[in-house]
Structures are given as C-alpha cells and as structure tokens.
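Chain by chain, the residues run as shown.
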Amino acid sequence: MNQPLTITQTAETATGNAFATAAKSAAGYLDEAANSNGREKVQMVLNALTRTEADTPHLVEIGPGGGAALQYLTDSLTGTTDRMRTLDVTLIEAPGIVSQSLAHAINRYNATDLGTCTLTNGLAQEIDTLLDRPVDIVAASALMHEVYSYGSGYRGIHELMRTLPTVLKPGGHFAYRDVRTVDAGTLHETVTHTYTHRGWLQFVRMFTPQYLRDSLHPYHHSGDDPTVRQDSRRLALENIDPRKSAVITGPIGLFREIQRHYITFRDYAWRSGVLGFTPYLDGQYAADWIDAAAGHKRVHFKLTEAEWISPRQRALLKTVSEPYGDHYVTDGDIFDECTDAAIIELLTSAENGNKPCAVVWGEWIEREGHETYVYLTLSELLTEFAISSAEANTNTVMMPQTARDVLTPGRAYYTRYLRNRLPNPLPDGKQLVLFTNIPAHDTEAITAGVETLRPLCSRAAMARLHSSLVQMM
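Residues numbered from 1 in each chain as written. Predicted model: local features only at pLDDT ≥ 70, side-chain atom pairs only at ≥ 80, totals over all residues. Heavy atoms only, no water.

(A) Spatial organisation of the pairing of strand S6 (residues 190–195). Burial along S6 is one-sided: the residues Val191, His193 and Tyr195 are buried and none of Thr190, Thr192 and Thr194 is. Summarising the sheet, S6 and strand S9 (residues 246–251) pair through 6 bridges and their orientation is antiparallel. Pairing of Thr192 across the sheet is with Thr249, part of S9. (Buried < 20%, exposed > 50% of the residue type's maximum accessible area, 1.4 Å probe, protein only. Helix = DSSP H or I, 4+ residues; strand = E, 2+ residues; numbered from the N terminus. Pairing = 2+ DSSP bridges.)

(B) Spatial organisation of the sheet that holds S6. Sheet architecture is open: 4 strands sit in the order S6-S9-S7-S8, paired in antiparallel fashion. Lying at the two open borders of the sheet, with one neighbouring strand each, are S6 and strand S8 (233–235). On average, each strand axis in the sheet is inclined to that of its neighbour by 30°, with strand direction left out of account. In this structure, strand S7 (residues 227–230) lies alongside S8, joined through 3 bridges in antiparallel fashion. What sits directly across from Arg229, in S8, is Arg234. Contacts from helix H9 (residues 252–272) reach S6 and S9 within the one sheet, and its direction differs from that of S9 by about 120°. (Axes fitted to C-alpha atoms, helices over the stretch in contact; angles between N-to-C directions. Contact = heavy atoms within 4.5 Å.)

(C) A look at the state of the cysteines. All chains considered together, the criterion is met by 0 disulfides. No disulfide involves Cys338; its nearest neighbouring cysteine sulfur is the one of Cys357, lying 17 Å away. Look at Cys338 and you get buried, because its relative accessible area is 19%. (Disulfide = S-S within 2.5 Å.)

(D) Seen up close, the environment of Arg233. Turning to its location among the elements, Arg233 is positioned in strand S8. For the pair Arg233 and Ala246, spaced 13 residues apart in sequence, the C-alpha to C-alpha distance is 10.0 Å.

(E) Geometry of the pattern of salt bridges. All chains considered together, the criterion is met by 22 salt bridges. We note a salt bridge from Arg51 to Asp405, for which the minimum N-O separation is 2.5 Å. Highlighted residues: Arg51 in the loop between helix H3 (38–49) and strand S1 (58–62) and Asp405 in the loop between strand S15 (396–399) and strand S16 (406–407), separated in sequence by 354 residues. What makes Arg51 partly exposed here is its relative accessible area of 29%. A salt bridge links Asp75 to Arg108, with the shortest nitrogen-to-oxygen separation between them at 2.3 Å. Of this pair, Asp75 sits in helix H4 (residues 68–78) while Arg108 is found in helix H5 (residues 100–110), placing the two residues 33 residues apart along the sequence. Classification of Arg108 as partly exposed rests on a relative accessible area of 33%. (Salt bridge = Lys/Arg side-chain N within 4 Å of Asp/Glu carboxyl O.)

(F) A look at H3. Here H3 contains 12 residues, and its C-alpha end-to-end distance of 16 Å stays within 8% of the 16 Å for a straight helix at 1.5 Å per residue. In this fold, the buried residues of H3 make contact with S1, H4, strand S4 (135–141), strand S5 (168–179), S16 and strand S17 (430–439). (Expected span 1.5 Å × (residues − 1).)

(G) Spatial organisation of the nonpolar core. Of all hydrophobic cores here, the largest spans 59 residues; its most connected members are Tyr195, Phe203, Leu275 and Trp361. Among the secondary structure elements, those contributing two or more residues to this core are S6, helix H8 (198–214), S9, H9, strand S12 (296–303), helix H11 (332–351), helix H12 (355–369) and helix H14 (412–421). Looking at which element gives the most residues to this core, the answer is H9, with 10 residues. Counting 49 residues, the second largest nonpolar core, distinct from the first, contains Val138, Leu160, Met161 and Leu382. (Core = buried A, V, L, I, M, F, W, Y, C linked by side-chain atoms within 4.5 Å.)

(H) Main features of the packing of helix H6 (residues 143–150) against helix H7 (residues 154–167). Contact pair H6 / H7: the axes reach a minimum separation of 7 Å and the direction vectors enclose 135°. As the angle between them shows, H6 and H7 are arranged oblique. Contacts between H6 and H7 pair Leu143, Met144, Val147 and Tyr148 from the former with Tyr154, Gly156, Ile157 and Leu160 from the latter. Residue classes in the contact of H6 with H7 are distributed as 7 nonpolar, 1 polar and no charged. (Parallel < 35°, antiparallel > 145°, perpendicular 65-115°, else oblique. Nonpolar A, V, L, I, M, F, W, Y, C, P; charged D, E, K, R; others polar.)

If you want it as structure tokens, here you go:
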C-alpha cells in the first residue's frame, strides 16, 4: 500500500480530482495500511549511512506516512553497538496529513540518544524552501507516482528531479523505493492480455473506464486506446460480460495499472471489513509461511459483522478454517478463493446500489483509484534522474554507483496469487534505487555510475545521458 506524500490539499489533476487529504490521513490508512514494510523502506538509507562521513548526518524523509521507516530506523540504530555518530532527521509531510503512529515514532526517536527528529509540512517539489541547510540523505517511498498523479504529471516529476540535487550535499544520497515498473522499453508498448476470472473481469469493467476518463495518466497516444473482444466481437470496456473470457489489447503500462489497482482494492476491501473477514496484514501473524520462497502461507483472520454477507458464506469460510486463539487460520490459497468470491459479490452489489458496498467502492476510488502507479520504466527513471539533475546547475549528477544500488525485490505471496488468477501476470514487487549526487569533477564516480546504468538503460537513453554529461563537464 502506498502512503500519502507531500502534495497540497488543493492540488488537482487535469480533470479536477483533488488530492484526497481527508481519506489519506484517516487513522485506518496511515496508522495501519500505510505503516508497514519499514525494513524495506530503510534498506537503502542504511546503505547510504555507511557511505556518509559527516559527524552528524542530516536525513530528510519525504512522506513519512505512519512512521514505519522511522520506527525501523530507530530499532536498527539502537541495536548497533559500534555506532559513533548521531543522526538528525527531518520529516516532510503534506499539509493536513496527520498520523498518531507517526507522532509516537517521533517521540520514541527523540527519547533516545540517536539525535533529533522534527516534522514539517510542505510540498515535495518545493523541498528547497523547507530546509535551512544541505542534506546528506533524502529518502522517500512511493513518492513519484503521487507527485505525478496530483502534481501536474511529468512536469511535477521533473521539477522534483531538478530540485533534489539543490538540497543534497555533493556526494549526498537519495534513497528511493516504489512499485516495480514493467519490463518493457516503454509503457506504451502494445500487448494482448487475456482475462478469465470473473472477479478480475468485473473489476476491469468498473475500474478501467473511470481511470482512463478521470485520472491523470500518460495513455493518450493513438495506439493507447484499448480494444476488447469477447466471443470474437469488439466491445467497449464498460460492456464486458464478466461471465465470459475477454481478450484485451492495449499499452502494457495500462495492464500494470489494472493489476496494481486490483491488488490495492483487495487490500482495502480486507481492511474495511465489508467482505465479512479481515486478515492480519501486519505483525507476526502476517508471515506464517508454509513455503516463503513459493509465496505460500497460512492466513490469520477475524470475522466481521458485514450485514450483506450471507450466513452460508460465513459458515463456509469457517468450515475451511481452524480456530486459533481469538481468530481463525486457513491455507492462503483457500483464503484467496474466498476473498475473490466475496469481491465478486461486493462489486456486483456495488453496481446494484447496495449502500455499504457502493460506499467502499467509492471510498477506494477517491483514495487510490485515480492514482497512476507506473509512469516511467526503470530505464527512463534512471536516465531522467541523471539528465534532470545534470541540468539543475548544481554541477552534480544523480546516478546509482554500483549494481547493489538498484534492486527489484519480488513479493512472493502476491506473485503466487497473480499467477493463479491471470494468464498474463506482470512481475510484482518493489524497486529500490540509491542515487548518489556525484560532483562533476569526480570522473571516476561518474564512470562507475555510467557503467551501472549501461545494462539497465536503453541505448537511446544512454545516448541522451552521454550528451548531457558532456555538456555538464
């Protein structure tokens, strides 16, 4: 799940959809749904700290959400016996965004001898106006897609890319984590995907037309308009019959959007309790693995009082589960089947006007349904950062230095689920990048950066980068 970041409350997309500040700052979102994966969020920060020589490094985290990264950072640093330095932390969050768990994490950090931690409000693109001194490390998780979706698209992205090197010290670092992008030369590459599962077909019918109509997205090329065929007949997205398989041709980035949004909707429906059950998605019960490498686990869950769920469905779930203390546990594959059956009922009921179900669908659309998760391929992300930073007149360029600075960890549980549901699943996971703000005179470091980018970027991208580096140097 992606957490809210430094976008203004009044920022609007091209279609007038404002950033959902109220929904994004709800305790159930920030303090639970957006307060996980602390280890992964801090992984590159800890890497950067080993390369930082300052006596008291200054770390800035943009979009701290529920404080998961800060909590893990506190645990990591207090557990290090050979720590010789303090670390000052500045957190930058969007105006109007409030989290009780973040406040707790800040107080906990300040109660240690690690250093100081302060919270301020502002815009990611205007980070240079919020800081009073150069920074050693900037960290962010899921920042780019929020800036894109609510901050003027590519213009907002490039503003951020040009601003970051102005606040970083020469040799400083930007530790970035986001959703894994597609393995393609461009998001507009045309592919054909088949959907056979009723729940996914119903979701495609309900989600995709409103996303293409109301959201800020890049799919406006002449070849980006998706075509749908059922029973060898062409039809509109909104006319898909979820009881029949559909063959859809369109840009690969759009299929990544559909896949990612289905996963976030499933998570949201779980947390809402409207499905009649709520799994443990965080803590020790969330990692009860049968086979971690294969993504197969036992799912712990509690039943909820969802009035529209029939007693028969609730009884059926109990029969395939076992009591475990004050809750139940079942095989993850069985739980996924039960979840998808409940989602089919939820979506059908929402379309038919059932109020609780329609409310859940509407709340999710407001909170996450307008966001564009993938807007650049990895090749484009790396080269655009390098080129934009080189054009920022700071006499520095931002690039990863080694192969270990670009990681794409998978998510085995979600990968297992997607393979069981989709004939054409796209790789699911995260991408972690540690950029270094390399001074123009450091030829050795720039050469290492170029060598790191070479196997990850297209020839055309490398040619553009070479041109920018020549002009800078």
